[in-house]
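Secondary and tertiary structure notes
Here are the chains, one letter per residue:
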Amino acid sequence: MNNIEALEKYALSLECSAERGVSMKNYTSFKVGGPAELFLSPEDAGQTAKLVRFCEKEDIPVFVLGKGSNVLVSDKGIKGAVIFTGKQCGITLTDENTVRAQSGASLAQLCSFALENSLSGLEFAYGIPGTVGGAVFMNAGAYGGEMKDVLINSEYVSPDGTSDELDNEAMQLSYRHSAYEDSGLVITAASVRLTPGDPEQIKNTMHDIISRRRDKQPLQYPSAGSTFKRPQGYFAGKLIMDAGLRGYSIGGACVSEKHCGFIINKNHASAADVAEVICEVQERVKEKFGVTLETEVILLGDF
């Protein structure tokens, strides 16, 4: 029995869903990517901790997946285990101004929960397509706000299966960065502190933000949102446009004509198509402006 077979058997003994060869096209917002070697869907943080510990012991690579809104999976797929957090999406009010959400809850669910409880502070996140875990991991932000502004703490399991938490300062939150990057720690929940507000005003702000997104972003096509981080002193989309790359395409992947900061799956693109467009954009912008564009999107697997 190899280690993946052993992991599959162990997961099933925990009554955790375990499937071989699940296509990542169905679990990523780019709608591309090959199969996961083993796709696990733990019911709670306890199962997650046991699975992470087993993988550490058996030296099995692990990737934690929420809504797949910031990843590009290779056409060859992902080796090792994908731990899907979609079943862990509970949201609770822990006091009158504090909300705790499990890592698999979507930001849309969290924003709606805040609205239902007349709590303000998360309006900026309405329309960001990721999960709470992903938002903490990358300190997601938009329209003048970021998770750093509202996070109190986050809970995690470590590779040895133990659980703990980090407070706001310990998370080292900065532009599209947190202490969780390359840490091996798996986020299981987070708590945010909000402020009482007028629900009508909160709702209006949320509707305004989603309208602005629809007006400015190519939401009708599969993508991973902003493909590149914002270079200091520049805007990635403008650099790409000024490099003459609006509408530039390879295969089914294309630089959006509506917003050049987005690379979209316009016509049945492969992951390789998307990766090639990314590389070409980086090379042309570097050549023309001397600016290095770093990807906000995480590339998984072999390209």
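So, here is what we can say about the structure in this document. In this text, all values refer to a predicted model and were calculated from it rather than measured experimentally. (Residues numbered from 1 in each chain as written. Predicted model: local features only at pLDDT ≥ 70, side-chain atom pairs only at ≥ 80, totals over all residues. Heavy atoms only, no water.)

1. Considering the overall build of the chain
- Scanning the chain for helices and strands turns up seven helices and 19 strands.
- Relative to the compact-globule value of 19 Å for 303 residues, the chain shows a C-alpha radius of gyration of 20 Å, a close match.
- Along the first, second and third principal axes, the C-alpha set of the chain runs to 55 × 55 × 30 Å.
- Considering the chain as a whole, with its 303 residues, one finds that 50% of them fall into the buried category. (Helix = DSSP H or I, 4+ residues; strand = E, 2+ residues; numbered from the N terminus. Rg over C-alpha atoms; globule rule 2.2 N^0.38 Å. Buried < 20%, exposed > 50% of the residue type's maximum accessible area, 1.4 Å probe, protein only.)

2. Re helix 2 (residues 45–58)
- For helix 2, which comprises 14 residues, the first-to-last C-alpha distance of 20 Å matches the rise-based estimate of 20 Å (1.5 Å per residue) to within 8%.
- Those residues of helix 2 lying buried are Q47, T48, A49, L51, V52, F54 and C55.
- In the core, the buried residues of helix 2 are packed alongside helix 1 (3–13), strand 2 (35–41), strand 3 (62–65), strand 5 (78–84), strand 11 (151–157) and strand 13 (186–193).
- Structurally, the start of helix 2 carries an N-cap: the backbone nitrogen of G46 is 3.1 Å from a side-chain oxygen of D44.
- Count one or two residues on from helix 2 and you reach D59, which has phi positive near 60 degrees. (Expected span 1.5 Å × (residues − 1). Contact = heavy atoms within 4.5 Å. Polar contact = N/O pair within 3.5 Å; in protein donor to acceptor, adjacent residues only side chain to side chain.)

3. As for the packing of aromatic side chains
- Under the defined criterion, the tally for this structure stands at five aromatic pairs.
- Arranged with centres 6.2 Å apart and planes meeting at 70 degrees, the rings of Y156 and Y180 form a pair that is edge-to-face. Residue Y156 is found in strand 11, and its partner Y180 is found in the loop between strand 12 (163–167) and strand 13; the two are separated by 24 residues along the sequence. Here Y156 matches Y180 in class, with each residue buried.
- These aromatic residues form a ring-pair network of at least three members: Y27, F39 and F84.
- Just above the ring of Y175 sits the side chain of R230; from NZ or CZ to the centre is 4.6 Å.
- Across the ring face of Y248, the terminal group of R284 is positioned such that the distance to the ring centre comes to 5.7 Å. (Phe/Tyr/Trp six-rings, centres within 6.5 Å; stacked < 30°, edge-to-face > 60°. Lys NZ or Arg CZ within 6 Å of the ring centre and 35° of its normal.)

4. Topic: unusual backbone geometry
- The phi torsion at K31 lies on the positive side, around 60 degrees, for a residue other than glycine.
- Secondary-structure assignment places K31 in the loop between strand 1 (17–23) and strand 2.
- Since its relative accessible area comes to 44%, K31 is described here as partly exposed.
- Even without being a glycine, S118 presents a positive backbone phi close to 55 degrees.

5. Describing the side chain of Q88
- Mapped onto the elements, Q88 comes out in the loop between strand 5 and strand 6 (91–95).
- At 3.1 Å, the side chain of Q88 and the side chain of T48 are in polar contact.
- When near neighbours in sequence (up to four residues on either side) are disregarded, Q88 contacts P42, E43, D44, A45, T48, Q102, S103, G104 and A105.

6. As for a negative patch on the surface
- Judged by side-chain charge, E56, E58, D59 and D160 come together as a negatively charged surface patch.
- Tracing the backbone shows E56 in helix 2. (Patch = residues over 30% accessible without salt bridge, like charges linked within 9 Å, V, L, I, M, F, W, Y side chains within 5 Å. Areas by Shrake-Rupley, 256 points an atom, 1.4 Å probe, with all protein chains shown as cover. Salt bridge = Lys/Arg side-chain N within 4 Å of Asp/Glu carboxyl O. Lys, Arg positive; Asp, Glu negative; His and termini not counted. Charge placed at Lys NZ, Arg CZ, Asp CG, Glu CD.)

7. Side note on the sheet that holds strand 13
- Pairing within the open sheet is antiparallel, and its five strands lie in the order 6-7-13-11-12. Only two strands of the sheet have a single neighbouring strand rather than two, namely strand 6 and strand 12. Across the sheet, the mean angle from the axis of one strand to that of its neighbour is 25 degrees, orientation sign disregarded.
- Pairing of strand 11 with strand 13 involves six bridges; the strand directions are antiparallel. Counted as the bridge partner of E155 is A189 from strand 13.
- Helix 2 rests against strand 11 and strand 13 of the sheet, and its axis sits at about 50 degrees to strand 11.
- The strands touched by helix 3 (residues 107–116) are strand 6 and strand 7 (98–102); relative to strand 6, the strand with the most contacts, the crossing angle is about 45 degrees. (Pairing = 2+ DSSP bridges. Axes fitted to C-alpha atoms, helices over the stretch in contact; angles between N-to-C directions.)

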